[in-house]
Amino acid sequence: MEWLGFVNYAVFMAIFIGIYALLALGLNIQWGYTGLFNAGIAGFFAVGAYTSAILTTPFVEGRVGGFGLPVPVGWLGAMVAAGLIAWPIGKICLRLRSDYLAIATIGVAEIIRLVVKSEGWLTNAARGITNIPRPFGDLAYTMSQLAYLAIVLGVLLAAYLLVERQFASPWGRMMRAIRDNEDAARAMGKDVPYRRLEAFIFGSALMGLGGALFAHFNRTITPEAIDPMVATFLVWIMLILGGSGNNRGAILGVAVVWIIWSMSEIVTDRLPHEYAVKAKYLRVFLIGLMLQVVLRFRPEGLLPEPQKRTHRPDPATSGARPPAASD
Amino acid sequence: MRTFRIAAAAALLGATALAAPAHADVKIGLLGGVSGPIAAMAPAMIDSANLAIKQVNDAGGILGGEKLVGVVGDSACNPQNATDAATKAVNIEGVVAIVGPHCSGAVLAAANSVTIPAGIAIVTPSGTSPEITSLQDNDTVFRTVPSDDYQGRALARTLLERGTKKVAVAYLNNDYGKGLAESFRAEFEEKGGEIAGFAAHEGEKASYRSNLAELASGGADTLVILDYGDGSGLTMLRQALENGFFENFIGADGMKSDAPIKELGAENLETFLASAPVGEKSTSLDAFSKAFSDVGGDPSAIFVTTSYDAAFMLALAIEKAGGDKAKVAASLREISNGEGEPILPGEWAKAKELIAAGKAIDYKGAAGDHNFDEAGDVPGAYALFKVSGTGFEVVSEMK
């Protein structure tokens with residue numbers, strides 16, 4: 001039965017990679033294509049996860065909902081809610097330049113986290129929401145995981161194709177123009193604040209969807225899941241490592257980081273016990289080191305942003321800006 | 001692509017490392033928050049679980065003399081890492097049962113997405129959220145630590161009995177602090193006490209003076225701190241003492257840590273009391289304390305007794321179930337239901353003989369008798385502790 005264990009583990013990793021890939025795609029819309037430094041991924045992740053949880057769980061005393069709605073409604077609701085929350089935030093914060101925007105979004109994510117932890121009537125506070133239905137959750141272990149993987153992959157594929165299509169369109173070129181030279185884009189008559197808001201909302205909605213898929217997979221969502229370390233900075237590392245501005249790179253980055261993160265523990269478990277515990281801390285270091293190495297030797301990421309997509313052979317503007325460098 | 005190749009190489013390395021599992025061993029998972037917010041507490045808890053494993057192996061091993069092996073996984077106190085660690089433990093390491101994870105959110109996620117579907121029994125030594133009680137778990141999720149509901153209520157009754165009628169409550173804003181605080185308030189007010197201040201605070205802040213000043217404005221001279229003594233609870237206690245906001249301090253099991261004594265000095269903590277779970281049969285606790293001290297552990301560290309019990313009981317259950325994963329959960333109830341020959345911590349050889357002879361055994365743990373109720377919970381046995389010298393000593397039992 002050994003192989004079945006490998007299958008279960010591989011499927012589990014694939015599900016997680018799929019969920020994090022949605023977060024990375026959302027961030028790629030914001031940072032990779034529009035240059036918005038959103039350091040509050042965890043906040044939108046939480047909004048999505050909790051919205052879907054409230055919509056789909058059976059009724060309970062003591063908090064809003066559950067409304068017992070079908071799961072797809074919950075997922076749509078998660079995207080809408082994350083987008084709606086992103087709208088006023090973007091409206092206010094997007095006027096800030098990149099590093100100030102990062103600070104503002106960190107603050108927003110913390111506010112959302114504290115609301116989630118404190119408002120018992122809405123989110124059941126620190127205890128979290130349980131009994132979230134998982135589609136095909138009644139099947140046996142392996143089958144249930146496989147079914148969920150199929151759903152996650154379907155959702156991810158749809159998101160990937162839509163985002164790719166969007167970027168191949170004039171809209172995508174306009175966004176890159178805004179990112180690379182805001183003044184020029186403005187001079188061309190583009191409504192820069194409105195376009196940036198669009199990208200912020202689209203990206204946040206995808207993050208909300210990722211949160212919803214996560215909550216339904218675990219059948220539970222607790223405030224511990226929206227720790228900035230695992231829900232914000234890990235996603236940043238994945239995107240930067242994979243290659244911001246490239247959707248395939250984003251997904252590859254997620255896969256590489258998660259596989260190394262997860263499998264390194266199996267390797268360290270082969271060490272004698274006293275080192276095995278210490279090596280757990282080393283894994284955290286390993287991820288940081290990986291980011292440093294990539295930034296030093298390959299700042300554009302594993303799969304860099306494709307530069308030849310547009311038809312303009314203009315060396316003056318298409319060029320020197322490495323996507324990873326923060327301005 | 002250089003990094004990608006390194007990644008692929010690392011993955012392959014992982015795969016080859018997997019390919020050589022030792023079949024003779026019986027494995028149990030020890031999932032704990034090695035990294036993350038409870039990193040300070042986790043190593044001692046894992047050590048005490050390993051003590052149980054060592055005792056089993058020293059006394060002839062498990063089943064037909066096989067070695068019991070603990071596989072440590074890092075659940076990091078969050079669902080992402082907990083499900084990952086549980087998946088690896090169950091599928092790659094092939095564990096028969098799991099001790100942990102440590103934090104309630106991690107328990108809920110790991111149980112729901114991994115161990116319940118896989119039918120693996122888990123026993124958490126420190127997941128105290130009342131939500132764990134209501135899991136749809138096919139009777140596979142247990143805990144050796146009482147739900148926060150029990151402790152909060154017991155603490156409220158004890159304080160009222162001691163004549164404290166008016167308190168302020170400061171609690172850490174997580175499932176542990178909130179669960180305790182709410183059950184404490186419900187019981188305290190119901191029995192005629194007055195809550196003069198009730199506020200949550202976030203962990204790891206540099207100053208809690210404004211929180212304390214506000215709590216003190218209610219006029220109570222006793223502060224109930226429901227927090228961890230090696231984290232923000234210590235900061236709060238220090239600042240309350242320095243500024244004289246309150247005279248008396250009450251903590252729960254999280255505050256019964258050595259950190260306040262080391263940092264603040266026993267002479268400043270004469271008005272500090274903490275409740276914590278204790279074994280009803282003190283001989284059990286003594287047996288554990290001696291064994292744990294002998295291997296260099298600190299028996300008064302938080303959750304070490306529950307961790308030890310969880311590991312030892314799982315070993316007994318695995319023995320009883322003949323190593324069959326599917327029967328471990330049911331056996332766990334059989335080895336500790338109040339009927340049969342009492343087994344104390346460390347009495348592995350005796351237990352093994354009795355199980356082989358088909359006799360009923362009843363484990364009396366270091367942290368209590370652990371007779372599970374229908375939800376897999378245990379009722380708490382608590383005592384109130386005061387600071388004495390470099391450690392804690394019991395003031396009174398709590399009912």
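Basis of the calculations
- Residues numbered from 1 in each chain as written.
- Chains lettered and ligands numbered in written order.
- Predicted model: local features only at pLDDT ≥ 70, side-chain atom pairs only at ≥ 80, totals over all residues.
- Helix = DSSP H or I, 4+ residues; strand = E, 2+ residues; numbered from the N terminus.
- Buried ≥ 20, exposed ≤ 12 C-beta atoms within 10 Å, placed from the backbone.
- Contact = placed C-beta atoms within 7 Å.
- Pairing = 2+ DSSP bridges.
- Axes fitted to C-alpha atoms, helices over the stretch in contact; angles between N-to-C directions.
- Nonpolar A, V, L, I, M, F, W, Y, C, P; charged D, E, K, R; others polar.
- pLDDT = per-residue confidence, 0-100.

**Here we look at the overall build of chain A**
Here comes step 1: A count of helical and extended segments in chain A gives 12 helices and zero strands.
Here comes step 2: Reading the helices (α) and strands (β) of chain A from amino to carboxyl end gives α-α-α-α-α-α-α-α-α-α-α-α.
Here comes step 3: Dimensions along the principal axes, computed over C-alpha positions, put chain A at roughly 60 × 50 × 30 Å.
Here comes step 4: For chain A, the proportion of its 327 residues judged to be buried stands at 53%.
Here comes step 5: By sequence separation, contacts in chain A at least 24 residues apart represent 75% of the contacts at least 6 residues apart.

**What to know about the sheet that holds strand β13 (residues 382-388) of chain B**
Within a sheet, adjacent strands bond to each other through the backbone by hydrogen bonds, running parallel or antiparallel.
Residues and elements named next belong to chain B.
Here comes step 1: If you walk across this open sheet you meet the seven strands as β7-β6-β8-β9-β10-β13-β14, and the pairing is mixed. If you trace the sheet from one side to the other, it starts and ends with β7 (194-201) and β14 (391-398), each paired once. Neighbouring strand axes in the sheet, compared pairwise and without regard to direction, differ in orientation by 25 degrees on average.
Here comes step 2: Note: strand β8 (residues 222-226) against strand β9 (residues 248-251), four bridges, orientation parallel. Along β9, the bridge assignment pairs I225 with G251.
Here comes step 3: With respect to the sheet, helix α6 (residues 175-190) is in contact with β6 (166-172), β7 and β8, its orientation differing from that of β6 by roughly 160 degrees.
Here comes step 4: Sheet strands in contact with helix α8 (residues 232-243) are β6, β7, β8 and β9, and its direction is about 165 degrees off that of β8.

**Examining the interface of chain B and chain A**
Here comes step 1: Of the residues lining the interface, 46 residues belong to chain B; the matching set on chain A comes to 42 residues.
Here comes step 2: Listed by contribution, the elements that provide at least two residues to the side of chain B that touches chain A are α1 (2-18), α2 (42-58), β2 (68-74), α3 (79-93), α4 (104-118) and α6 of chain B.
Here comes step 3: Looking at the side of chain B that touches chain A, the element that brings in the most residues is α1 of chain B, giving nine residues.
Here comes step 4: When grouped by side-chain class, the residues that make up the side of chain B that touches chain A number 23 nonpolar, 17 polar and six charged.

**Digging into the sheet that holds strand β3 (residues 97-99) of chain B**
Residue and element names in this part refer to chain B.
Here comes step 1: Sheet architecture is open: five strands sit in the order β2-β1-β3-β4-β5, paired in parallel fashion. Two strands lie at the open edges of the sheet, namely β2 and β5 (141-143), each paired on one side alone. The average angle at which neighbouring strand axes cross in this sheet is 25 degrees, direction not considered.

**Describing the confidence of the model for chain B**
All names here are of chain B.
Here comes step 1: Averaged over every residue, the pLDDT of chain B is 87; residues scoring 70 or more account for 93%.
Here comes step 2: Taking the mean pLDDT of every element in chain B, the minimum, 50, falls on α1 and the maximum, 96, on β3.
Here comes step 3: Counted against residues more than four places away or in other chains, residues 12-23, with its pLDDT under 50, gives 10 contacts.
Here comes step 4: ipTM for the predicted complex: 0.89, alongside a pTM of 0.84.

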